[in-house]
Amino acid sequence: MDIEQFRKAGYQAIDRICDYYYSLNEQSVISKVEPGYLREHIPLAAPEKGEDMQVIADDYQKYIIPGLTHWQHPKFFAYFPTAGSFESIIADLYASSVSNPGFNWSCSPACTELEVIVMDWAAKLLGLSPDFYNSSGVGGGCIQTTASDSVLVAVVAARSLYQRNYPDTKMEDLVIYTTTQTHSLGAKAALILGLQVKTLEVTAEDRFALRGEGLRSALQEDERGGRKPFILIATVGTTSSGAVDNIPEIREVVKDYPSLWVHIDAAWAGVALSCDEYRKELYLDEINSFANSFCTNFHKWGLVNFDCSTLWVRDRKHLTDALDITPPFLRTKHGDAGTVIDFRNWHLALGRRFRSLKMWFVFRGFGAEGFREYIRRCIRLNEIFVGLIEQSNTLSLVTQPSLALTVFRVSPMPESSNQAALSTQSLNELNRLFFGRLSSKTDIMLTQTTLNGTFCVRLAVGSAHTTEKHVHEAFALVSEEAKIALELWKQTFQGAAVVG
Ligand SMILES: *Cc1c(COP(=O)(O)O)cnc(C)c1O
């Protein structure tokens, strides 16, 4: 393809992407293909001779789009949002056009310098302490691929710091602290690094948040057993239910355990810190006062297309002490002089995408005001859904809604049966039946979760294309399916399930 052919194919690609967005409303959210569907359409090896771009582009439409789940669909309410934006797509296109692995400042000064600046913009947008700004010269922020990478980097930095402070520590005594609600990234980091992980229990009464007391008694127990907890992964907005660990209580406990690194995983909810009114409930002041590292994914609810996970640390030296390897061929004049940041020492890989461009385009295109308005709109839409659930006599909330996330389930009203006698198991049967019906619909997508043994359904608002109408349609469908599931369940399960 030459430049003029690229121009033509590029215009067509943009046209088709626009058509795709216009058509989203009419598409089903969930792909209808069966496993292995693509094998029939695509040869077993790459072609020997180059093919015409038009044919390739047509095959994308024909074979790939039908196999996509449309995360930007207005009725995508599953997992967590991946709110993309056109601003971000354009930036990605530019970034891709210069295909630049920017690992050292000198690889492309703009890549590093823009990242240094927009990470400070982002820190300011979220209200993070100036301690975390790159301009502080001590702390700083850097874009990682995912929250899992961010945690891995934090764990490696924390471990290295701990081992430097306590050189006699044995690797097998080191423990990573998580809770039952921590994203699997905690267990994954432990697996990768060959470390122990401790999973602290949390309760429904505490809204699935880690409390100080539980943390303290676990630390005391490990201290007695000679184990060395060196990092706590605390969550602000769990994936399952949006639970927020009790950061003020954690801070009090950590005062007695200063060698415990506290990483805040706010992968999904962190961007809501851009709005003043959520800062208190997400414990911004406390995070600012003591957390060692903080991560949120702008690629989730933050309008930046995947990927863009932002990680801030209070002391960048802990990253570079753990991760700086400088073979002779990577040495540069500026790096040696310490006048520039070489981000390769702040993460796992050497090369890195030019992701700061996406943040820059999004922050400028929306403005802080537009960004906050977007977050608030998603929360308002979720509040509408919550209001409808609260008025329903078949559905109820399992735990308090969190920002733009609702966890709910079918729960029959007392008059329809002697509910007091319904076992958890029996209600779970009902809700599995309900969710089974919901997930067979292709025009909406929600996901399930289990909270301390209670099976429930999650609705997460976040697509930039979701409106009030879609939320009402979602509720109508959910409540219709709840009624049907309830009837079916009464016929099949109830006789056997009711005890006494
Ligand atoms: C989504 C999510 C993650 C994982 O994110 P990746 O960027 O895919 O690794 C981690 N923690 C929380 C709280 C999440 O919601």
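Just so we're clear, the structure is a prediction, and the values are computed from it rather than from any experiment.

Bring the parts together and some accessible area is lost; that lost area is often taken as the interface size. By the assigned domains, the protein chain splits into domain 1 (3-68), domain 2 (100-354) and domain 3 (364-493). Computed over C-alpha atoms, the centres of domain 1 and domain 2 are 38 Å apart.

Looking at the secondary structure, you find Glu286 in helix H9 (residues 284-290). As a buried residue without a salt bridge, Glu286 has its nearest oppositely charged side chain in Arg251, at a separation of 4.6 Å. Residues contacting Glu286, with those up to four places away along its chain left out, are Ile247, Pro248, Arg251 and Ala291.

Let us look at the sheet that holds strand S3 (residues 196-200). Sheet architecture is open: seven strands sit in the order S1-S7-S6-S5-S4-S2-S3, paired in mixed fashion. Either end of the sheet is taken by a strand with one partner, and the two such strands are strand S1 (140-144) and S3. Geometrically, the sheet is characterised by an average inter-axis angle of 20° between neighbouring strands, direction not taken into account. Relative to strand S7 (residues 309-313), strand S6 (residues 293-297) runs antiparallel, the two being bridged by five bridges.

Look at the UniProt record and you will see "modified residue: N6-(pyridoxal phosphate)lysine" (unreviewed entry) annotated at Lys300. Assignment of secondary structure puts Lys300 in the loop between S6 and S7. In this structure, Lys300 is in contact with Phe80, Pro81, Thr82, Ala83, Ala267 and Trp268, ignoring residues within four places of it in sequence.

Where burial is concerned, most of S6 is hidden: five out of the five residues are buried. Here S6 shows two buried faces, one formed by Ser293, Cys295 and Asn297 and the other by Phe294 and Thr296.

A cis amide bond, omega 5°, links Phe306 with the succeeding residue Asp307. Mapped onto the elements of the fold, Asp307 is located in the loop between S6 and S7. Located in the positive-phi region is Tyr79, a residue other than glycine, with phi close to 40°. Relative to the helices and strands, Tyr79 resides in the loop between helix H2 (53-64) and helix H3 (86-98).

Neighbouring the ligand are 15 residues; Ala147, Ser148, Asp265, Asn297 and Lys300 lie closest to it. One of the side-chain nitrogen or oxygen atoms of Asp265 is found 2.6 Å away from a nitrogen atom of the ligand. Contacts to the ligand include Asn297, whose side-chain N or O atom sits 2.9 Å from an oxygen atom. Look at the ligand: alone it shows 390 Å² of surface, and the protein chains cover 91% of it. For the shell around the ligand, the residue count by class is five nonpolar, eight polar and two charged.

Right, let's talk about the pairing of strand S4 (residues 228-235) for a bit. Each regular strand carries side chains that alternate between the two faces of the sheet. With seven of eight residues buried, S4 lies mostly within the body of the structure. Bridging between strand S2 (residues 174-179) and S4 involves four bridges; their strand directions are parallel. Paired with Ile176 across the two strands is Ile231, which belongs to S4. Handedness of the crossover is the feature at issue here: the chain leaves S4, passes through helix H8 (residues 247-255), returns alongside strand S5 (residues 261-265), and the resulting connection is right-handed.

Moving on, we get to the nonpolar core. Nonpolar side chains in soluble globular proteins tend to end up buried together. Ile264, Phe298, Trp301, Trp312, Met359, Phe408 and Phe434 are the most contacted members of the largest nonpolar core, which has 103 residues in total. Per-element tally for this core: the top contributor is helix H12 (residues 356-391), with 13 residues. Summarising the domain contributions, this core has at least three residues from each of domain 2 (100-354) and domain 3 (364-493).

Procedures and definitions
- Residues numbered from 1 in each chain as written.
- Predicted model: local features only at pLDDT ≥ 70, side-chain atom pairs only at ≥ 80, totals over all residues.
- Heavy atoms only, no water.
- Domains from an automatic or database assignment.
- Helix = DSSP H or I, 4+ residues; strand = E, 2+ residues; numbered from the N terminus.
- Buried < 20%, exposed > 50% of the residue type's maximum accessible area, 1.4 Å probe, protein only.
- Lys, Arg positive; Asp, Glu negative; His and termini not counted.
- Salt bridge = Lys/Arg side-chain N within 4 Å of Asp/Glu carboxyl O.
- Contact = heavy atoms within 4.5 Å.
- Pairing = 2+ DSSP bridges.
- Axes fitted to C-alpha atoms, helices over the stretch in contact; angles between N-to-C directions.
- UniProt positions renumbered as here; feature names shortened; annotations may be inferred.
- Near = heavy atom within 4 Å.
- Polar contact = N/O pair within 3.5 Å; in protein donor to acceptor, adjacent residues only side chain to side chain.
- Areas by Shrake-Rupley, 256 points an atom, 1.4 Å probe, with all protein chains shown as cover.
- Nonpolar A, V, L, I, M, F, W, Y, C, P; charged D, E, K, R; others polar.
- Right-handed = clockwise from strand over helix to strand, strands pointing away.
- Core = buried A, V, L, I, M, F, W, Y, C linked by side-chain atoms within 4.5 Å.

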